[in-house]
Amino acid sequence: MVIRIRLTRIFFIQMFSILSFLLFVFSECDNTKCHFPAVFNFGDSNSDTGGLAAAFGLLPPPFGMTYFEKPAGRYCDGRLAIDFIAQELGLPYLDAYLQSVGSNLKHGVNFATAGSTILPQNTTLSQSGFSPFSLDVQVSQFMEFKQRTLTYSQKEPYSSLLPNPDDFQKALYVIDIGQNDLTSGFFRDLTVKQVKAYIPEVLQEFSSHVKTLYDQGGRSFMIMNTGPLGCLPYILTRLPYKLSQLDFHGCAKPYNNVAKYYNQLLRSAVDSLRRDFPNSTIVLVDNYKLKYSLFEHAHKDGFRFTLKACCGFGEGIYNFNRTVGCGQRVMLEGATLTYNVCKNPSVYVNWDGVHYTEAANHIVGNGIFTGNFTNPTFPAGHICDLYSVH
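Computed from a predicted structure; not experimentally measured.

### Topic: the overall build of the protein chain
Then, in step 1: Scanning the protein chain from N- to C-terminus turns up 12 helices and 10 strands.
Then, in step 2: Per-residue burial for the protein chain yields a buried fraction of 52% across its 390 residues.
Then, in step 3: A sequence separation of at least 24 residues applies to 70% of the contacts in the protein chain between residues at least 6 apart.
Then, in step 4: Summed over its atoms, the accessible surface of the protein chain is roughly 18,300 Å², and 56% of this surface lies on carbon and sulfur atoms.

Next up, the structure:
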């Protein structure tokens, strides 16, 4: 009898331990899901999931080769950081606002387009490569989308394709833009000093659009700062610098320093927005630190090539040429110049001289949720502790 009681007691203790462990595991897993019903994204090619392609023509192969196995509107061999953010939050990948056929916008919309800037550009896409869909246009598109959603979301067949009206206040608003505002100045032959001089104007414009999104009901924001410009082949092959200005990883320090200066002022702008809107949550992601770590820890992360583009033309250190881009064939002086593409993009940091590979984006997207690259920081897997869904 005593033995039976002891065995029964041991059984219940073991069962209690197992149940406690399972509850812990499930609570930890659930904590990474913030229960955002939707994500609204604004940005440039770093997060464009098909906007510019829908407006100006599809991307050619080999874009999309790694994950989608065909071009998918992304300037990458596969997925972007925004795809991994959505995935981590338990949401489907975002369809582009401009993509009219086959889109489901129930759980969010992507307003980003490649080449977009915060300040509107006084040039056409064909002249400069910068998108006409600047941040003010993207925010206007969001407002139009919201208005039409409020009109149609409760009607069939739209209820399964559009967010619920109260999702606009409960959604996560992601903003990843600003890199092109810096490069546009350099491509107009402005000096480092001149580019730095107009950054306050850029950020004043940026803040005004965040305030508009707040007025439209946005309460939860994730804002990305800009990455290390001086580590990208399209900068390293086009802009002037001295060999002595390259850092240990081969990145041009003058252009990285401009990015750091921009990020410093962006941090101040975000702090000001937090004071203005105390009942909102604004998480600032250190994209610079995340992306620069790809160059610092390349070997540990499995990368063999950091500065050389997987897809491009010219081989050499960078495999990048402005005349013959990834996926292009160009006739020049009677000869056909054709791009080349690597066999294994996963060992490359850079995809096409301008953008990162899926392997790099995966590290960046997942890195956000470690809590080490945000302001404020948080314990790994507990980003939801920063947000209270309003």
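That shown, we press on.
### A look at the pairing of strand E1 (residues 39-43)
Then, in step 1: In terms of residue burial, E1 counts as a mostly covered element, since five of its five residues are buried.
Then, in step 2: Judged by which residues are buried, E1 turns out to be covered on both faces: Val-39, Asn-41 and Gly-43 on one side and Phe-40 and Phe-42 on the other are all buried.
Then, in step 3: Bridge count for E1 against strand E2 (residues 108-110) is three bridges, and the pairing is parallel. Considered in E2, the bridge of Asn-41 is made with Asn-110.
Then, in step 4: As paired strands, E1 and strand E3 (residues 172-176) are joined by five bridges and run parallel to one another. Paired with Phe-40 across the two strands is Tyr-173, which belongs to E3.

### Let's talk about the pairing of strand E7 (residues 329-332)
Then, in step 1: Sheet topology places E7 next to strand E8 (residues 335-338); four bridges connect them, and they run antiparallel. Along E8, the bridge assignment pairs Arg-329 with Thr-338.
Then, in step 2: Between E7 and the antiparallel strand that follows it, E8, lie two residues; Glu-333 among them carries a positive phi value of about 55 degrees.

### Looking at the state of the cysteines
Note: disulfide means a covalent bond formed between the sulfur atoms of two cysteine side chains.
Then, in step 1: Within the structure shown, the criterion is met by three disulfides.
Then, in step 2: Paired through a disulfide, Cys-231 and Cys-251 show a sulfur-sulfur distance of 2.1 Å. The chirality of the disulfide connecting Cys-231 with Cys-251 is right-handed, given an S-S dihedral of about 110 degrees. With Cys-231 in the loop between strand E4 (220-224) and helix H9 (233-236) and Cys-251 in the loop between H9 and helix H10 (253-276), the pair connects residues that are 20 residues apart, well separated along the chain. Across the pair, Cys-251 and Cys-231 agree in class, each one buried.
Then, in step 3: Here Cys-310 connects covalently by a disulfide to Cys-342, the sulfurs 2.0 Å from one another. Sign of the S-S torsion, about -85 degrees for the bond between Cys-310 and Cys-342, identifies this disulfide as left-handed. Residue Cys-310 is found in the loop between helix H11 (287-296) and strand E6 (311-312), and its partner Cys-342 is found in the loop between strand E9 (340-341) and helix H12 (358-367); the two are separated by 32 residues along the sequence. The pair Cys-310 / Cys-342 is uniform in exposure class, with both members buried.

### Overview of the side chain of Ser-103
Then, in step 1: Looking at the secondary structure, you find Ser-103 in the loop between helix H3 (81-88) and E2.
Then, in step 2: Here Ser-103 falls in the buried class, since its relative accessible area comes to 18%.
Then, in step 3: Here the side chain of Ser-103 touches Gln-99 through a polar contact of 2.7 Å, landing on its backbone oxygen.
Then, in step 4: If we ignore the near neighbours within four places in the chain, the residues touching Ser-103 are Asp-95, Ala-96 and Leu-161.

### With respect to helix H7 (residues 179-187)
Spacing of three or four residues puts side chains on the same side of an α-helix, whose turn is 3.6 residues.
Then, in step 1: Here H7 lies mainly inside the structure; nine of its nine residues are buried.
Then, in step 2: Where H7 is buried, its residues contact helix H8 (192-215), H9 and H10.
Then, in step 3: Taken from the residues just after H7, Asp-189 is the one with a positive phi, measuring 70 degrees.

### Let's talk about the packing of aromatic side chains
Then, in step 1: For the structure shown, the criterion picks out 27 aromatic pairs.
Then, in step 2: Members of the aromatic cluster, joined through ring pairs, are Phe-40, Phe-42, Tyr-97, Phe-111, Phe-142, Phe-145, Phe-168, Tyr-173 and Phe-221.
Then, in step 3: Cation over ring: Lys-196 sits above Tyr-261, and NZ or CZ is 5.2 Å from the ring centre.

### Observations concerning the confidence of the model for the protein chain
Then, in step 1: Looking at the protein chain as a whole, the pLDDT averages 91, with 89% of positions reaching at least 70.
Then, in step 2: Under a pLDDT of 50 for its full length, residues 1-8 has, in the predicted model, zero contacts with residues more than four places off or in other chains.

### Topic: H10
Then, in step 1: Over its 24 residues, H10 extends 35 Å from the first C-alpha to the last, a length consistent with the 34 Å expected when each residue adds 1.5 Å.
Then, in step 2: Buried-residue contacts for H10 involve H7, H8, E4, H9, strand E5 (281-285) and H11.

Cut-offs used in this document
- Sequence positions are assigned chain by chain, starting from 1 and proceeding in written order.
- With pLDDT at 70 or above as the cut-off, local features in this predicted model cover only qualifying residues; side-chain atom pairs require 80 or more to be listed or tallied, and sums for whole chains, interfaces and linings still use all residues.
- Hydrogens and waters are ignored; side-chain quantities use all the structure's heavy atoms.
- Secondary structure elements are defined from DSSP: runs of H or I of at least 4 residues count as helices, runs of E of at least 2 residues count as strands, and each element is numbered from the N terminus.
- Remark: exposure states derive from per-residue accessible area (1.4 Å probe, protein chains only) relative to the maximum for the residue type, with buried under 20%, exposed over 50%, and partly exposed in between.
- Any two residues whose heavy atoms approach within 4.5 Å are treated as being in contact.
- Using the Shrake-Rupley algorithm and a 1.4 Å probe, accessible areas are obtained, with residue cover drawn only from the displayed protein chains.
- Only when DSSP finds a minimum of two bridges between them are two strands counted as paired.
- Note on terminology: pairs of cysteine sulfur atoms within 2.5 Å are recorded as disulfides.
- The definition of a polar contact used here is a pair of N or O atoms within 3.5 Å, where within protein one atom must be able to donate a hydrogen and the other to accept one, and adjacent residues in sequence count solely through side-chain atom pairs.
- When the centres of two rings from Phe, Tyr and Trp lie within 6.5 Å, Trp using its six-membered ring, the rings pair. Their planes under 30 degrees apart give stacked, over 60 give edge-to-face, and anything left gives tilted.
- Whether a charge sits over a ring depends on NZ of Lys or CZ of Arg being within 6 Å of the ring centre and within 35 degrees of the ring normal.
- On a scale of 0 to 100, pLDDT captures the predictor's confidence in every residue.
- Each helix should span, by expectation, one fewer than its residue count multiplied by 1.5 Å.

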